[in-house]
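Each chain, letter by letter, is given below.
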Amino acid sequence: MLADLTSGAVEDARAREVELPFAELERRALSVPPAVDALAALAPADTVRIIAEVKRASPSRGDLADIPDPALQARLYEEGGAATISVLTEGRRFKGSLADLEAVRAAVSLPVLRKDFIATAYQVFEARAAGADLVLLIAAALDQPTLATLHELVIELGMTPLVETHDLDEVRRASEIGARLVGVNARDLTTFELDRDLFGRLVEHIPADAIKVAESAVKTPEDVLHYRNAGADVVLVGEALVTGDPVATLRDFLAVGSALGVSK
């Protein structure tokens, strides 16, 4: 599944490159306003930080929400207290687009993450040209040289890489390249099965100076508390926000992440 998603995303990017050559894309990427400092926005605090995701669909759940106006969705996230907005830009299975990211960037002041299956420099430049402040890099989809190269490119363009991991080897790979924002995805992208306890088993192996992000398997405030007590600085939430009241849900999640004790 992960290989198919990545190859499809790269194929779609190559089709876009026919319409927008790399040289012109690079010019656009270097002419947009500087990226927002996502590390500052997601820095460890007394309360959990939340990355709220604009997500219409997924391969595991199918259609989740129509979201005709991603900018409105993002403004609701900002109102609810999200620290960062994640935008799915993959079109085949997640029904997202770079236009969604551009709309969100224009609507909010928060950092914006391009969440996609990034495997080429062209896609990284696309992210910056569309106004992204962060770029997702999935370790399982990239060999180590490619991961290191794209990680460096994201930083060179002034953005923040979020390196997503799924096992101990990938956490170590993230550490090797000096990742400062490391996610652990409870969803195995090869099988799409969920393991909410995976973060807790891997968190001690994430470098102490890295911001630790728990991804997936978040439906209730108790799930947020579970991750917070396991040592998460940040929790990424998608489905629970697009299928319910985003403002009320975010406030409930943040209240649990700050009101109760945290044991790291």
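See the structure above.
Q: How would you summarise the packing of aromatic side chains if you had to cite specific residues and measurements?
A: Scanning all chains against the criterion turns up 4 aromatic pairs. For the ring pair Phe94 and Phe117, a centre distance of 5.9 Å and an interplane angle of 35 degrees mean the geometry is tilted. A residue pair is termed long-range when its members are at least 10 positions apart, and Phe94 in the loop between β4 (84-88) and α5 (98-107) and Phe117 in the loop between β5 (112-115) and α6 (121-129) qualify at 23 residues. Phe117 carries the same exposure label as Phe94, and that label is buried. One aromatic cluster in this structure is built from Phe22, Tyr122 and Phe125.

Q: Explain the sheet that holds β4 to me, using residue names and the numbers behind them.
A: Strand order in this closed barrel of 8 strands is β1-β4-β5-β6-β7-β8-β9-β10, and the pairing throughout is parallel. Averaged over all pairs of adjacent strands, the angle between their axes in this sheet comes to 25 degrees, without regard to strand direction. Relative to strand β10 (residues 234-237), strand β9 (residues 211-215) is paired through 3 bridges, and the arrangement is parallel. Paired with Glu215 across the bridge in β10 is Leu236. Seen against the sheet, helix α4 (residues 70-80) touches β1 (49-54) and β4 and runs at an angle of roughly 165 degrees to β1.

Q: Tell me about the nonpolar core, residues and numbers included.
A: Counting residues in each nonpolar core, the largest one holds 68 residues, and the members touching the most others are Tyr77, Ile85 and Tyr227. Excluding residues that lie within four positions of it along the chain, Ile85 makes contacts with Ile51, Ala52, Val54, Ala74, Tyr77, Val104, Val108, Leu110, Pro111, Val112 and Leu113. By size, the runner-up hydrophobic cluster in this structure holds 23 residues, among which are Leu42, Leu162, Leu189 and Val234.

Q: For the side chain of Glu170, give the residues involved together with the corresponding values.
A: Mapped onto the elements, Glu170 comes out in helix α8 (residues 168-176). Buried within the structure, Glu170 lacks any salt-bridge partner; Arg173 is the closest side chain of opposite charge, at an N-O distance of 5.0 Å. The residues touching Glu170, leaving out its near neighbours within four places in the chain, are Ala139, Ala140, Glu164 and Thr165.

Q: Lay out unusual backbone geometry with the relevant residues and their values.
A: For Ile67, which is not glycine, the phi torsion reads 45 degrees and is therefore positive. Position of Ile67 relative to the elements: it lies in the loop between β3 (62-63) and α4. The phi angle at Ser216 is positive, at roughly 75 degrees, despite the residue not being glycine. With respect to the helices, strands and loops of the structure, Ser216 is situated in the loop between β9 and α10 (221-230).

Q: Residue-level account of the environment of Val213, with values.
A: Along the chain, Val213 turns up in strand β9. What makes Val213 buried here is its relative accessible area of 0%. Separated by 182 residues in the primary sequence, Val213 and Ser31 place their C-alpha atoms 30 Å from one another. Other than its neighbours up to four places away in sequence, Val213 contacts Ile51, Leu162, Leu181, Val182, Gly183, Val184, Phe199, Val234 and Leu236.

Q: Before we move on, can you summarise the pattern of salt bridges with the specific residues and values?
A: Side chains carrying opposite charge are able to pair once their charged atoms draw close together. The tally for this structure, following the rule as stated, stands at 14 salt bridges. For the salt bridge of Arg92 with Glu11, the shortest nitrogen-to-oxygen distance reads 3.5 Å. Highlighted residues: Arg92 in the loop between β4 and α5 and Glu11 in helix α1 (residues 2-19), separated in sequence by 81 residues. Classification of Arg92 by relative accessible area gives partly exposed; the value is 43%. Residues Arg92 and Asp12 are paired through a salt bridge, measuring 2.8 Å at the closest nitrogen-oxygen approach. Pair noted here: Arg92 is in the loop between β4 and α5 and Asp12 is in helix α1, with a separation of 80 residues, a long-range link. Here Asp12 falls in the partly exposed class, since its relative accessible area comes to 24%. Here the salt bridges share partners, and the residues they tie into one network are Arg16, Arg114, Asp116 and Glu126.

Q: Outline the pairing of β10, listing residues and values.
A: Across the two faces of β10 the burial is the same, with Val234 and Leu236 and Val235 and Val237 all buried. A crossover connection joins β9 to the parallel β10 through α10; in handedness this β-α-β unit is right-handed.

Q: Lay out the packing of α4 against α5 with the relevant residues and their values.
A: Axis separation between α4 and α5 bottoms out at 8 Å; the angle between their running directions is 45 degrees. Put simply, α4 runs oblique to α5. Taken as a pair, α4 and α5 cross one another with a handedness that is right-handed. Listed contacts from α5 to Pro70, Ala71, Ala74, Arg75 and Glu78 of α4 are Asp100, Ala103, Val104 and Ala107.

Definitions and limits used
Residues numbered from 1 in each chain as written. Predicted model: local features only at pLDDT ≥ 70, side-chain atom pairs only at ≥ 80, totals over all residues. Heavy atoms only, no water. Phe/Tyr/Trp six-rings, centres within 6.5 Å; stacked < 30°, edge-to-face > 60°. Helix = DSSP H or I, 4+ residues; strand = E, 2+ residues; numbered from the N terminus. Buried < 20%, exposed > 50% of the residue type's maximum accessible area, 1.4 Å probe, protein only. Pairing = 2+ DSSP bridges. Axes fitted to C-alpha atoms, helices over the stretch in contact; angles between N-to-C directions. Contact = heavy atoms within 4.5 Å. Core = buried A, V, L, I, M, F, W, Y, C linked by side-chain atoms within 4.5 Å. Lys, Arg positive; Asp, Glu negative; His and termini not counted. Salt bridge = Lys/Arg side-chain N within 4 Å of Asp/Glu carboxyl O. Right-handed = clockwise from strand over helix to strand, strands pointing away. Parallel < 35°, antiparallel > 145°, perpendicular 65-115°, else oblique. Left-handed = near helix turned anticlockwise from the far one by under 90°.

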